[in-house]
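Chain and residue survey
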Amino acid sequence: MKRLCHYISEYMGALVLAAAVLALAFPEMPQQVPTKTINYLLGVVMFGMGLTLNLKDFKIVFSRPKDVIIGCLYARNDKRK
């Protein structure tokens, strides 16, 4: 599992870019993916992005709580429209 996580975190950018290029080259291919599966694929992408975070990233977020609060409030108000 550790090797799989390392592989995903190391090559996540390349994997996402390759999937985007394939989707542009063959637009009918993503249409074959069932909607239920897209949720799982999004979970894999989010997991891979999370693996790339380190403590320095969290330090930046907690050092600027005002920006995080404004972003959350903006997202909340945007959903109401």
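Here we summarise the structure given alongside this text. (Residues numbered from 1 in each chain as written. Predicted model: local features only at pLDDT ≥ 70, side-chain atom pairs only at ≥ 80, totals over all residues. Heavy atoms only, no water.)

1. With respect to the packing of aromatic side chains
For any pair of aromatic rings, the description rests on two quantities: the centre-to-centre distance and the angle between the ring planes. Following the criterion strictly, the structure yields one aromatic pair and no others. When the centroid spacing of 5.1 Å and the interplanar angle of 50 degrees are considered together, the rings of Tyr7 and Tyr11 count as tilted. Taken together, the positions of Tyr7 and Tyr11, both in helix 1 (residues 2–25) and four residues apart, correspond to about one turn of that helix. On the basis of relative accessibility, which here comes to 44%, the residue Tyr7 falls in the partly exposed class. (Phe/Tyr/Trp six-rings, centres within 6.5 Å; stacked < 30°, edge-to-face > 60°. Helix = DSSP H or I, 4+ residues; strand = E, 2+ residues; numbered from the N terminus. Buried < 20%, exposed > 50% of the residue type's maximum accessible area, 1.4 Å probe, protein only.)

2. Details of helix 1
Taking 1.5 Å of rise per residue, the 24 residues of helix 1 would be expected to cover 34 Å, and the 33 Å separating its terminal C-alpha atoms lies within 8% of that figure. Considered for burial, the residues of helix 1 that qualify are Cys5, Ile8 and Met12. If you follow the buried residues of helix 1, they end up packed against helix 3 (35–51). (Expected span 1.5 Å × (residues − 1). Contact = heavy atoms within 4.5 Å.)

3. Considerations on a nonpolar patch on the surface
The grouping of Leu53, Leu55, Phe58, Val61, Phe62 and Val68 at the surface amounts to a nonpolar patch, some 620 Å² of accessible area in total. If you tally residues by element for the nonpolar patch, the top one is helix 4 (residues 55–63), at four residues. Mapped onto the elements of the fold, Val61 is located in helix 4. Take Val61: its relative accessible area is 39%, and that puts it in the partly exposed class. (Patch = residues over 30% accessible without salt bridge, like charges linked within 9 Å, V, L, I, M, F, W, Y side chains within 5 Å. Areas by Shrake-Rupley, 256 points an atom, 1.4 Å probe, with all protein chains shown as cover. Salt bridge = Lys/Arg side-chain N within 4 Å of Asp/Glu carboxyl O.)

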